[in-house]
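What follows is each chain in one-letter form.
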Amino acid sequence: MPAAILMLAGQSLGAGVTKSQLSRLDPATESTSVLLETSKELLKNDQIDEALPFLEEVLLRLEGDAEKKARQTLAFTLYQLAYCQMKLGEYVSAARNFARFADEFPEDAQQEAARVMAAQCLTMVQQWPMVEEQSALVLKNPRLPEELKVSATQLMAEACYQQEKWKEATRPLVSLFRIAKTDTVRAGAAVMLVTCYVRLDDFSNLFQFLPHCDAAARHDVGLNVALLEAGDSHYNKGEFQKALLLYRLVLTKKELIAHYEERILTLKGQMKPFVAGGTMTLSEFKEKQLKQQQLFDRLKRHYEVITNFQDYDMDVMLRTAQCYNDLERNWPAHAIYRRIYDENPDSELADQACFAAFAVMLDEREWALATAEGYDYVQNRRDGEFLDDVTLNLMQVHMQQEQFEPAYEIATKALELSPDHKYIDQITYLMGYIRFMQFSYADALVSFREILKRWPESRYYESAEYWQSMSLLFLGEFAQATTAFQAYLSNPKYEERFYAEDATYRLGVAQYGAEQYEASEGTLRGFVDTYPESRLLSEAYAMLGDLRGAEGDMEVALDFYSFARDKAQNMSQVNYPTFQSADVLMRLKRYGDVISMLADYLGKWDDQADFANAANWQGKAYKARDEYVHSLRAYFDLVDQYGNDAVLGGVDLILNEVISDYQSEEWSAYREEIRDRLDARLQGASASNQRTLELRYQTVFATILEGDERQPFVDAVVRSKNVPLSGANTLVLIAREGVKREDWAMVHEASERFTSNFPISNNMLYIMLANLDALIKEGSYDEALDLSETILLKFGYSKSVGWARKRRGDVYRLQKKYELALEAYNEVLAVREWRGDLTPEALYCSGVCKMELGETEEAFAYFQRIYVLYEDYVEWVAPAYAKSIECLEILGGHEADIVNTYKEMLANEKVAATPEGIEAAKKYAELVPAEKAL
């Protein structure tokens, strides 16, 4: 057996053929047997798309082969190919191959089925003549199985019907109505039969109450009104299909008017004066004239009824659309409603139609179209009867899609357009809920309190009282929240409190926040007894552990944390009591218990665990036992276990701990040990070809080493090809070093990957600053300004953000927008958190801008402040001296001041050693003879 077949045989237990297996199979080169086995396996596992090339190749090879086995294989292949094409929506090809199969293999058991499927495919592309042809061929067989007979008959009927071959369609439709097994098929056949008989004027076959309808009766206003009333009767009984059929029989106003006008005109032509001597006596003439006049009067009355019935057509269309709606055929209903509204926007029924178009799209859950219809109504039907319903539903549609701001905006609009909104309490409640979900708890509180004040009988009163309490809790108003939760839980107006479970737990939280510790513990103990199956049970036990721990009752606290872990329903509920237990055990100096507990935790939860936090606590326990080497082993074991997954940020947190230990004086004695173990782990990662893990260890070396020792590791890491494999710390290193190397593309690539994979990393600011530097240096100033604003919005006024804001000034300065640059630098100087290293730099750049603006005296003042107030910052003091001398030269008449500034500058040994200082010494020597200088 060929190897490829053996491989497939090993995968035949429902697993399918994998992509890697398929990638090793070339249909053009494999043997036919392999192609067939592969095709069968793929078909068995519904891998339709993948099967196509194999089936097509087999078909190509077997074309023209008359050998019996080959013909059998060809039949199988052709049928399966057609089936796959049908499944994939390639209906034309599928129909062609099914028909070919039926033509070439007339004795095959699936021949009739193939023709039926060919016809079904052709219906999808509306090739009705060909559908008719294939169906007719199938129906020639008098011994056709019942199931195929039904399908073929149905296809034949639909083909004739779609071609408007009304007479030809009636025979298969009648047959289908008789042999169909399902009511839906029979109902469909009945609908088409009615249409056919109408088109054929075959009223005798319509309904029992219309056995003798002729053309005149069909246009009679009374008859059409009777059809409407009959439709209404069926509709009120819930017989929507029958009602729809009747409504569809009703003729339009235009048709009726044309008919009556023609009949009236014909009748007028027949009403001639009496002629004596004719075949008709005067009495006979008068009798005939009276009958004609009565008929004329009746036709005239009917004509006036129909012409004065302004909304006749729309009334019929509304009924029809409502039937479609109740039959859950919302698309045709929507089309009719839109037509009514679009064609007659000022009609009395237009308002109802506009609202109904919105409502059916809500039923269809077509949110985008429903939203468009709703806003159309709000915009154009501000006095509409359904405005309140539309605005409320629009709000709810937005909320269902978590579009909270648009939901709030339409609610505001609703109350503006309709101050007495009939759902005002619900609107107000939802507005409060939206603000709560957006963390605007103060605004939410206003809405909930309004409900409690204005609508005490509202169905949303209980919810408002609960969410009022929650808002106070999240605002940190713990005392008020405590009172609010207690009021809710004791309110006698609620027979059964919907939020009782959650409110009881939250009461305990509020009491804890209000420092009512004894009351909080009592509430939480009552909660765990009352709600032993609550999803919040774990959190309640954890809080009880916190309360007991705060009182020094450590053993009881540990018991509660254990209960919390046992009742946990998610990892958050597992993690909190686990690490609280670790904290308690550390305080009790039970270091071994910490280590074993966290080992069990890691073993149980594996990659779901917060392994970084676990490593931290294990490390603390080992260090407390003065077993630092064991802490290193614990760190590195976890790094080896998880470190080859680039997106696991916790790995870098563990390595940061190692870096911190290496750089601290406390563990300085172990630096060689750390380096040796790092090196061993690095070699192991390299040997096992775990490139991400290898990059992580190289990044650590690049962080803790300096100079010539560091550079090889930097060179190994900082490469564009490593970006897709890098964790957070490695990406930061690549970005920072990429700035130094002026490889802007690599910096941007590293930044983009970091932002995508580590959106909440502590290193986010640093990667963004590196990206900002790259944008500035490559001249992408607009993007740099946008990024500076993003950094401020994301991180506020934390210390490192000052660098981003200072770089904003640099962008403006490089663009020669000096006034804007000065505003940016002044912002840096004004924020207390940004003072320090940034201050002399911002002062220096401000001075440069002032010089460019020609404000030399102000520029001098900036430079002077630097070397007077910030003498420790030599990198800015030296250029500040040089610039101040340049200012004095521009101002003129300050020769003595220039000499004194040179002397002062050169008196500072550190400044004198800088490039600016060396240049200053040369110029000073030129100004002052050597003997005077001495």
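What you see is a predicted model; the values in this text were computed from it and never measured. (Residues numbered from 1 in each chain as written. Predicted model: local features only at pLDDT ≥ 70, side-chain atom pairs only at ≥ 80, totals over all residues. Heavy atoms only, no water.)

### A word on the overall build of the protein
And step 1. What the protein contains, in helices and strands, is 51 helices and zero strands.
And step 2. Across the 934 residues in the protein, those meeting the buried criterion constitute 48%.
And step 3. Considering only contacts in the protein between residues 6 or more positions apart, those separated by 24 or more positions represent 54%.
And step 4. Accessible surface computed for the protein: about 47500 Å², of which carbon and sulfur atoms make up 49%. (Helix = DSSP H or I, 4+ residues; strand = E, 2+ residues; numbered from the N terminus. Buried < 20%, exposed > 50% of the residue type's maximum accessible area, 1.4 Å probe, protein only. Contact = heavy atoms within 4.5 Å. Areas by Shrake-Rupley, 256 points an atom, 1.4 Å probe, with all protein chains shown as cover.)

### Looking at helix H32 (residues 591–605)
And step 1. Between the first and last C-alpha of H32 there are 21 Å, a value that for 15 residues agrees with the 21 Å anticipated at 1.5 Å per step.
And step 2. Looking at the buried residues of H32, the elements they touch are helix H30 (554–566), helix H31 (571–587), helix H33 (611–624) and helix H34 (628–642).
And step 3. Looking at the residues trailing H32, positive phi occurs at Asp606, about 50 degrees. (Expected span 1.5 Å × (residues − 1).)

### Here we look at the pattern of salt bridges
And step 1. Across all of its chains, the model carries 43 salt bridges by this definition.
And step 2. Here Arg587 ties to Asp583 by a salt bridge, and the two come within 3.1 Å at their closest N and O atoms. Taken as a pair, Arg587 and Asp583 lie in helix H31 at a separation of four residues, close to a single helical turn.
And step 3. Taking relative accessible area as the criterion, Asp583 reaches 23% and is therefore assigned partly exposed.
And step 4. Two residues, Arg681 and Asp640, come together in a salt bridge whose shortest N-O distance is 2.6 Å. Note that Arg681 is positioned in helix H36 (residues 671–687) and Asp640 in helix H34, a separation of 41 residues in sequence. (Salt bridge = Lys/Arg side-chain N within 4 Å of Asp/Glu carboxyl O.)

### Some words on the packing of helix H45 (residues 838–852) against helix H47 (residues 874–891)
And step 1. H47 packs onto H45 with a crossing angle of 20 degrees between their chain directions and a minimal axis gap of 11 Å. When the axes of H45 and H47 are compared, the pair comes out roughly parallel. Considering the relative orientation of H45 and H47, their crossing is left-handed. Residue-level contacts link Pro840, Glu841, Tyr844, Val848 and Met851 of H45 to Trp876, Pro879, Ala880, Lys883, Glu886, Cys887 and Ile890 of H47. (Axes fitted to C-alpha atoms, helices over the stretch in contact; angles between N-to-C directions. Parallel < 35°, antiparallel > 145°, perpendicular 65-115°, else oblique. Left-handed = near helix turned anticlockwise from the far one by under 90°.)

### Thoughts on the confidence of the model for the protein
And step 1. Considering every residue of the protein, the mean pLDDT works out to 85; 88% of them sit at 70 or more.
And step 2. Model confidence for the protein, summarised as mean pLDDT per element, is weakest for helix H1 (residues 3–10) at 34 and strongest for helix H25 (residues 461–474) at 96.
And step 3. Confidence over residues 1–14 falls short of pLDDT 50; this stretch has 21 contacts with residues more than four positions distant or in other chains.
And step 4. This model gives residues 208–214 a pLDDT under 50, and the stretch forms ten contacts once residues within four places in sequence are excluded. (pLDDT = per-residue confidence, 0-100.)

### Focus: the nonpolar core
And step 1. Counting 128 residues, the largest nonpolar core has Tyr601, Tyr697 and Ile791 as its most contacted members.
And step 2. Ranked by residue count, the leading element in this core is helix H41 (residues 764–777), at ten residues.
And step 3. Ignoring any residue separated from it by four or fewer positions in sequence, one finds Ile791 in contact with Leu765, Met768, Leu769, Leu772, Gly796, Val801 and Ala804.
And step 4. Ranked by size, the runner-up nonpolar core spans 66 residues in total, among them Ala321, Val360, Phe485 and Ala503. (Core = buried A, V, L, I, M, F, W, Y, C linked by side-chain atoms within 4.5 Å.)

### Quick word on unusual backbone geometry
And step 1. Of note, Glu164 is a non-glycine position whose phi angle comes to about 60 degrees, a positive value.
And step 2. As for its placement among the helices and strands, Glu164 is situated in the loop between helix H9 (146–162) and helix H10 (166–179).
And step 3. On the accessibility criterion, Glu164 (51% relative accessible area) is exposed.
And step 4. Its identity is not glycine, yet Lys589 carries a phi of approximately 60 degrees, on the positive side.

### A word on helix H8 (residues 128–139)
And step 1. Helix length check: H8 (twelve residues) gives 16 Å between terminal C-alpha atoms against 16 Å at 1.5 Å per residue, within 8%.
And step 2. Of all the positions in H8, only Trp128, Val131, Glu132, Gln134, Ser135 and Val138 are classed as buried.
And step 3. At its buried positions, H8 is contacted by helix H6 (91–104), helix H7 (111–124) and H9.

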